[in-house]
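Reading the structure
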Number of protein chains: 2
Amino acid sequence: MKVAKFGGSSVANAEQIKKVAAIIKADNKRKIVVVSAPGKRYADDAKMTDLLIALAEAKVADQPVEAAFNAVMNRYESIANDLELNRDVIAEIEADLKNRLEQTVTGKGRFLDIMKASGEDNNAKLIAAYLSKIGLKATYINPKDAGLLVSDEPGNAQVLPEAYEALAKLAEIDGIVVFPGFFGFSKLGNLVTFPRGGSDITGAILAAAVQAELYENFTDVDSVYAANPFIVEDPVEIKRMTYREMRELSYAGFSVFHDEALIPAFRNDIPVCVKNTNNPKCSGTLILAERERSLNPIIGIASDEGFATIYVRKYLMNREVGFGRHLLQILEDAGISYEHIPSGIDDTSVIIRQTQLSDQLENAIIERIKEELNVDDVHIEHDFAMVMLVGEGMHNTVGVTARASSALAKAGVNIEMINQGSSEVSLVFGIHSKDTKQAVRVLYEEFFGQKQ
Amino acid sequence: MKVAKFGGSSVANAEQIKKVAAIIKADNKRKIVVVSAPGKRYADDAKMTDLLIALAEAKVADQPVEAAFNAVMNRYESIANDLELNRDVIAEIEADLKNRLEQTVTGKGRFLDIMKASGEDNNAKLIAAYLSKIGLKATYINPKDAGLLVSDEPGNAQVLPEAYEALAKLAEIDGIVVFPGFFGFSKLGNLVTFPRGGSDITGAILAAAVQAELYENFTDVDSVYAANPFIVEDPVEIKRMTYREMRELSYAGFSVFHDEALIPAFRNDIPVCVKNTNNPKCSGTLILAERERSLNPIIGIASDEGFATIYVRKYLMNREVGFGRHLLQILEDAGISYEHIPSGIDDTSVIIRQTQLSDQLENAIIERIKEELNVDDVHIEHDFAMVMLVGEGMHNTVGVTARASSALAKAGVNIEMINQGSSEVSLVFGIHSKDTKQAVRVLYEEFFGQKQ
């Protein structure tokens, strides 16, 4: 049995949904289908989720909701008409939407969750109707009935362990199960959405629950690439990678998945395959627990910008037991999480994502550090980037660091920070943001270039 | 005016002391002379400080003290006789020693301080007597009279700011001042010794107080070398280096100075010169606030062994604000200080000096980490070494990391950790202890070898 999840672009309109149907028909192991809300049909389009948020905000602000409501319904109707569906489905969706708008709930967070989740939920109903229409036995299943139990935190659902036992029964359902992604229900019966990448998470949970032989994640790219195609022209496709490698790359902004989404699959050893709805014959990228050793110690290069460094200097810092802990406490009190903390004898740097900062917060932190830690110097520098080399082969290969830093050196890229030692499968360079593109390109050339 | 400090080996016996006298005579700017207690005369010899500790321990344990007392006096007498000094000095020293033994003080720590400090103190009297004998105007000055005020922590004196004003008056004394190193007096009048490297500290304090043009540190090597002569055969001498470079190298075990000793000199911009009592014509190593740029970005390579790594892994560790802080708290509670803390997405390592650990403590820490942090994995690995490249030029030179890691790679040395980013003048590699010698040698060859 396979679980197949289709992302927003894969279900954006009738044309895309027809491709989805063809994919499902092509392999009768594709029994459980997880769908997102309709995504963008073209660059400036609005996603269904955005239309629903606008509707919800209007309701909360006591503004007229008619225009926003119609925008949502028009989208569904457009899809339903192009798929030549019976009017029943649209009537059902309209009634559901009106019902949700009238929900008296405590808190804006929960209402937003209920409204956003309707995108996936109603699209699932629509797609199940289409699959039935073309002769497949297909049933829409609601997460509440299926037992997808999650924690009760609006917008940040965590699946509860007991959910898996209930969800396992999905495997016994005859025909295709069409399951909306992105949300579950708390023990109190509240609808709660997953954080970022929600439908990816739903798919992984279901795949784990039914012990699927494969979790196929259908998106709009042929595979995961060894580097960002917007930076490197025509990067090689990654055919096979491990969970660890995917996770490290996701962190540094690879954005095929959100790094947490695959955890249920990881934990249960379910292979994951990234495929292209628009090119389903392409084998895609297979993500596994382990893979065979390859000649190239590196599987991919990721980069992310927008980091700041808090630099702190104090004579004999390293003799003060508790200094580092106190420094981290100050950041914790300010709600700031850190990425790296290279430390020396008399100084240390704390590297953080600079979106967490504001001028006010920076001043507050600097003041506390000066007052409580009696430092000789503290200042914050902005606009750093992290470039990450990832690969299972790195650990056993003497020389990766040498090749990487040589390549950067030849290109005149100054290395501000190196983090090697915490992870066995990645090596992180901290550089100035302005050098990011060049850094990625020279590293790609070094590890994937023609001379290999 | 220059301040000249002579270490233990430089004042170990009459022959050495005569060299000291010659050095003082050779330059009439050498007005303030700081001396240590007599050091080892040969490999298996006992230092005066050790003889005094034995004497103090016997007294504290209510054992007979005669043998230990005689061992101390014999040493002084031997020096005095060979210098052909008047019996008065020996009588004075003997009376002083007996007086110290009878001191009723609170606490073993203070008594130990009083006994240990007598080594420097009485040696200074002896040397002042000799200088006078050979026709130099020389006065023994006691730190109490001179106003060397320190904090009241036995064995860990910190100089108080107000001391400098009083000590400045030493410059006004006619002739040579002979000043015992290693101790000062608290405001309560207690004798308190400096921590490690005590006489180096005294010299630096006096040099700062009188705004000396130079602080000469006389020892038994010609200069500071670019690498440990026990590892690299015939390493180049460092002619000029900066305070920052000296400090970083001292940390990693260079052991010419203790890294804190020079701080009073650093803070006051007093140049420091390391010279050899046995070869005073050699120019030695000059340590300054800044130096001219040199072709070689690296000034020296240091190494230190005996590190352990506490490795901690937990999914989504980097999303848990406060995880790192909590981990450091656990170590702080156990009284453990850390050196480096490379951190990643799901894991972090904490690198510590393994002398801080015992089997019991390791188990206790691991237990707390498991219980309080709910980690997926925690374990401790031993026998790592740190190899440090130091150089002011490093910051502006793209390519040092590349050259260093290439050299290590070619030698098959696995790099477990890299710390670059906290300090502008050093780059630290974490490797397995067994690779230390080779790592230092190949790095030396790379940065100082013939092909340069």
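Here the structure is shown first, and the text comes after it.
A few points on the structure. No experiment lies behind these values; they were computed from the predicted model shown.

All names here are of chain B. Read across the sheet, three strands follow the order S4-S6-S7 without closing on themselves; strand pairing throughout is mixed. Both edges of this open sheet fall to strand S4 (149-150) and strand S7 (191-193), since each of them pairs with a single strand only. When S4 meets strand S6 (residues 183-186), the two strands line up parallel, connected through two bridges. Considered in S6, the bridge of Leu149 is made with Phe185. Across the face of the sheet, helix H5 (residues 108-133) comes into contact with S6 and S7 while running at roughly 75 degrees to S7.

All names here are of chain B. Along its 15 residues, helix H4 (residues 87-101) runs 21 Å from first to last C-alpha, staying within 8% of the 21 Å computed at 1.5 Å per residue. Within H4, burial applies to Val89, Ile90, Ile93, Asp96, Leu97, Arg100 and Leu101. Looking straight down H4, one finds its buried side chains confined to an arc of 135 degrees; they lie on one side. Its buried side turned inward, H4 meets helix H2 (48-60), helix H3 (66-82), H5 and S7. Of the residues flanking the start of H4, the one acting as N-cap is Asn86, its side-chain oxygen 2.9 Å from the backbone nitrogen of Asp88.

Facing the 57 residues of chain B at the interface are 57 residues of chain A. Regarding the contact of chain B and chain A, the summed buried area is about 4900 Å², with carbon and sulfur atoms giving 53% of it. Looking only at chain B, the three residues that lose the most surface to chain A are B:Tyr315, B:Arg325 and B:Ile345, adding up to 13% of its buried area. At the boundary of chain B and chain A, one finds four salt bridges. Between B:Arg247 and A:Asp346 there is a salt bridge, and its shortest N-O distance comes to 2.5 Å. The interface formed by chain B and chain A contains eleven residue pairs in polar contact (both at pLDDT 80 or more). Of all elements in the fold, only helix H9 (243-251), helix H10 (263-267), helix H11 (323-333), strand S13 (338-340), strand S14 (347-353), helix H13 (400-410) and strand S16 (417-420) of chain B reach the threshold of two or more residues within the side of chain B that touches chain A. Of the residues forming the side of chain B that touches chain A, the biggest block, six residues, is contributed by H13(B). Residue composition of the side of chain B that touches chain A, grouped by class: 21 nonpolar, 22 polar and 14 charged. Strand direction decides the pairing type here: strand S17 (residues 417-420) of chain A and S16(B), joined by three bridges, are antiparallel.

Moving on: the packing of helix H13 (residues 400-410) of chain A against H13(B). A pair of packed helices is characterised by two quantities: the angle between their axes and the separation of those axes. Look at H13(A) against H13(B): their axes get within 8 Å of each other, and the N-to-C directions meet at 155 degrees. Relative to H13(B), the element H13(A) lies roughly antiparallel. Between H13(A) and H13(B) the crossing geometry is left-handed. Across from A:Thr401, A:Ala402, A:Ser405, A:Ser406 and A:Ala409 in H13(A), the residues of H13(B) making contact are B:Thr401, B:Ala402, B:Ser405, B:Ser406 and B:Ala409. For the contact of H13(A) with H13(B), the per-class residue count stands at four nonpolar, six polar and no charged.

What counts and how
Residues numbered from 1 in each chain as written. Chains lettered and ligands numbered in written order. Predicted model: local features only at pLDDT ≥ 70, side-chain atom pairs only at ≥ 80, totals over all residues. Heavy atoms only, no water. Pairing = 2+ DSSP bridges. Helix = DSSP H or I, 4+ residues; strand = E, 2+ residues; numbered from the N terminus. Contact = heavy atoms within 4.5 Å. Axes fitted to C-alpha atoms, helices over the stretch in contact; angles between N-to-C directions. Expected span 1.5 Å × (residues − 1). Buried < 20%, exposed > 50% of the residue type's maximum accessible area, 1.4 Å probe, protein only. Arc of directions from axis to C-beta. Polar contact = N/O pair within 3.5 Å; in protein donor to acceptor, adjacent residues only side chain to side chain. Buried area = accessible area lost by both parts, 1.4 Å probe. Salt bridge = Lys/Arg side-chain N within 4 Å of Asp/Glu carboxyl O. Nonpolar A, V, L, I, M, F, W, Y, C, P; charged D, E, K, R; others polar. Parallel < 35°, antiparallel > 145°, perpendicular 65-115°, else oblique. Left-handed = near helix turned anticlockwise from the far one by under 90°.

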